[in-house]
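Descriptive analysis of the structure
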Amino acid sequence: MRFDVITLFPELFAPFLSSGINRRAFESGAVELKLWQLRDFAEGTYRRVDDRPFGGGPGMVMMAEPLEKCLLAIRQDRIAQNPTESTVPVVLFSPIGTTLTHADVASWSRSDGAILICGRYEGLDQRFIDAHVDVQISLGDFVLSGGEIAADRKSTRLNSSHTDISRMPSSA
C-alpha cells in the first residue's frame, strides 16, 4: 500500500514517520509513504503556489497548475514503480467532505493506497477539485491549520487496520 502526500510542509511528517506504529509499518514495508513538495512543481523565482480564487472571494487558494503538475508526476512515478497497479483515488481533506469512519478505513486498508492532498490557505482552486479530486474527507467538526495532520491521521488509522484489523475496537 502506497500513499503519496502533496504538501507544502513535508518536514511536518518527520515525527510521525520515526515513532510508534507508523515507524513499524514503514520499516516493514507494509506501507510506503512518498512526500511531494508542491513548490517543486511551481514556476517563478518564489515558487508561488497560491493565488486569489478564480471566481473571486476572500483569501488565497492553492493554484491548480502546480497541483496538476505534481499529480501528473505522482501518477507517472506510480506507473513506473508498478505498471499493473490500478488508478488510486485522489483524496482532499476538507470540512465539506464525508466524515471518515472505521468502515472507510477498513475498506481503504485493502486498497493500493491513495494520493492525499494537504490543503492550505482557503482551500484549493475549485477547477482542480472538479477535474481531479475523487473523494473529499473530513475528520470531524474541528479546525486544523492544514491537511498534514489529517493525512497523518488517515495513514495511522490505515496502518492500524492494515496491520491487524481484528484487534481494533468496533467503535474506533
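What you see is a predicted model, and the numbers here were worked out from it, not measured in a lab.

1. Section: the environment of L71
Within the secondary structure, L71 is located in helix α3 (residues 64-81). Between the C-alpha atom of L71 and that of I6, which follows or precedes it by 65 residues, the distance is 8.3 Å. Among all residues touching L71, those that are not within four sequence positions of it are V90, I115, F128 and H132.

2. Things to note about the nonpolar core
Taken as a class, soluble globular proteins show a tendency for nonpolar side chains to be buried jointly. Ranked by size, the top nonpolar core spans 23 residues in total, and within it I6, L38, L67, I117, L124 and F128 carry the most contacts. Of the residues forming this core, the biggest block, 6 residues, is contributed by α3. Once residues within four sequence positions are removed from consideration, L67 is found in contact with I6, L38, M62, I117, L124 and F128. Ranked by size, the runner-up nonpolar core spans 17 residues in total, among them F26, V31, F93 and L100.

3. Concerning helix α4 (residues 102-109)
Of all the positions in α4, only H102, V105, A106, W108 and S109 are classed as buried. Buried residues in α4, looked at end-on, bunch into an arc of 165°, giving them a common side.

4. Concerning helix α2 (residues 20-28)
Of all the positions in α2, only N22, A25 and F26 are classed as buried. Along the long axis of α2, the arc covered by the buried residues comes to 95°, so they all point the same way. Facing away from the buried side of α2 by more than 90 degrees, the exposed set consists of E27 and S28. Note on α2: the residue one or two positions beyond its end, G29, has a positive phi of about 85°.

5. Considering the pattern of salt bridges
For the structure shown, the criterion picks out 10 salt bridges. R23 serves as the salt-bridge partner of E27, at 3.0 Å between the closest nitrogen and oxygen. Taken together, the residues E27 and R23, both in helix α2 and 4 residues apart, mark about one turn of the helix. Of the charged contacts, one joins R48 and D50 as a salt bridge, the two residues approaching to 3.8 Å between their closest N and O atoms. Residue D50 is classed as buried on the basis of its relative accessible area of 16%. Through salt bridges with shared partners, one network takes in R2, D4, K34, D77, R78 and E85.

6. Concerning the confidence of the model for the protein
Per-residue pLDDT for the protein averages 84, and the proportion of residues at 70 or more is 83%. Confidence scores differ between elements of the protein, with helix α6 (residues 147-164) showing the lowest mean pLDDT of 56 and α3 the highest of 96. Contacts of residues 160-172 to residues separated by more than four positions or lying in other chains number 16 contacts, the stretch itself having pLDDT below 50.

Here is what the cut-offs are and how they apply
Residues numbered from 1 in each chain as written. Predicted model: local features only at pLDDT ≥ 70, side-chain atom pairs only at ≥ 80, totals over all residues. Heavy atoms only, no water. Helix = DSSP H or I, 4+ residues; strand = E, 2+ residues; numbered from the N terminus. Contact = heavy atoms within 4.5 Å. Core = buried A, V, L, I, M, F, W, Y, C linked by side-chain atoms within 4.5 Å. Buried < 20%, exposed > 50% of the residue type's maximum accessible area, 1.4 Å probe, protein only. Arc of directions from axis to C-beta. Salt bridge = Lys/Arg side-chain N within 4 Å of Asp/Glu carboxyl O. pLDDT = per-residue confidence, 0-100.

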